[in-house]
Amino acid sequence: CDINKIGCIPVSYTHLDVYKRQGIKVTGVSISPASVASLPAKSTKQLTAVIAPTNAADPSVIWTSSNPDVAKVSITGLVTGLAAGTANIIATSRCV
């Protein structure tokens, strides 16, 4: 992980070990709003990951787009429309 690159988040092993010791694992991730009917090019929509349980040790998620040529998503869940087409935005728990 090159910390000089945008979007790179360095994580220390100590940090991960603390989460493992706490032991409360993520059991589900949903996205709010659940769907966006249309997002014109150059417009944005903020999505929020909802983690279950709410007291999970590591509630952080990794955001990805199934079609980054159509829509990109930031590390905070901000989706930007880029072109016509279809894209699925996915929030995956870091605690896998």
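Being a predicted model, the structure only gives us computed values, none of them experimental.

Conventions used here
Residues numbered from 1 in each chain as written. Predicted model: local features only at pLDDT ≥ 70, side-chain atom pairs only at ≥ 80, totals over all residues. Heavy atoms only, no water. Helix = DSSP H or I, 4+ residues; strand = E, 2+ residues; numbered from the N terminus. Contact = heavy atoms within 4.5 Å. Areas by Shrake-Rupley, 256 points an atom, 1.4 Å probe, with all protein chains shown as cover. Pairing = 2+ DSSP bridges. Axes fitted to C-alpha atoms, helices over the stretch in contact; angles between N-to-C directions. Buried < 20%, exposed > 50% of the residue type's maximum accessible area, 1.4 Å probe, protein only. 1 Å grid on protein atoms, 1.4 Å probe; cavity = no way out; pocket = protein on both sides within 12 Å on 5 of 7 lines; lining within 4 Å. Points joined across faces, edges and corners; volume = space filled by probe spheres on them. Nonpolar A, V, L, I, M, F, W, Y, C, P; charged D, E, K, R; others polar. pLDDT = per-residue confidence, 0-100. Core = buried A, V, L, I, M, F, W, Y, C linked by side-chain atoms within 4.5 Å.

Draft legend 1. Representation of the overall build of the protein in the model. Along its length, the protein carries one helix and seven strands. The linear arrangement of helices and strands in the protein, starting from the amino end, is α-β-β-β-β-β-β-β. Considering only residue pairs separated by 6 or more positions, the protein has 52% of its internal contacts joining residues 24 or more positions apart. Put simply, the protein shows about 6,800 Å² of open surface, and 56% of that area lies on carbon and sulfur atoms.

Draft legend 2. View of the sheet that holds strand β2 (residues 44-46). Taken together, the three strands give an open sheet; going across it, the order is β2-β6-β5, and neighbouring strands pair in antiparallel fashion. Each edge of the open sheet is held by one strand with a lone partner, namely β2 and β5 (71-73). This sheet shows a mean twist of 20° between the axes of neighbouring strands, independent of strand direction. One ladder, built from three bridges, connects β2 with strand β6 (residues 78-81); its direction is antiparallel. Considered in β6, the bridge of Gln 46 is made with Leu 78.

Draft legend 3. View of the pairing of strand β4 (residues 61-65). Only one face of β4 is covered, namely the one carrying Val 61, Trp 63 and Ser 65; the face carrying Ile 62 and Thr 64 has none of its residues buried. Relative to strand β7 (residues 89-93), β4 runs antiparallel, the two being bridged by five bridges. Of the residues in β7, the one forming a bridge with Ile 62 is Thr 92.

Draft legend 4. Here's a closer look at the layout of surface pockets. Volume-wise, the largest pocket comes out at about 450 Å³. Around the largest pocket, the lining comprises 23 residues; the ones closest to its centre are Val 36, Leu 39, Val 79, Ala 87 and Ile 89. For the lining of the largest pocket, the per-class residue count stands at 16 nonpolar, six polar and one charged.

Draft legend 5. Looking closely at the confidence of the model for the protein. On average, residues of the protein score 78 in pLDDT, and 76% of them reach the 70 mark or higher. This stretch, residues 1-19, has a pLDDT under 50; its non-local contacts, to residues over four places away or in other chains, come to twelve contacts.

Draft legend 6. Looking closely at the nonpolar core. Core analysis: the biggest nonpolar cluster contains eleven residues, these being Val 26, Leu 47, Ile 51, Ala 56, Val 61, Trp 63, Ala 71, Val 73, Val 79, Ile 89 and Ala 91. Among the secondary structure elements, those contributing two or more residues to this core are β4, β5 and β7. Dropping the residues within four chain positions of it, Val 26 is found in contact with Ile 51, Ala 52, Pro 53, Ala 56, Asp 58, Ser 93 and Cys 95.

Draft legend 7. Just unusual backbone geometry, in detail. In this structure, Pro 33 follows Ser 32 across a cis peptide bond, with omega equal to -5°. With respect to the helices and strands, Pro 33 occurs in the loop between β1 (28-32) and β2. Residue Pro 53 is bonded to the preceding Ala 52 through a cis peptide linkage, with omega at -10°. Note that Pro 53 resides in the loop between β3 (48-52) and β4. Residue Lys 42 is not a glycine yet carries a positive backbone phi of 70°.

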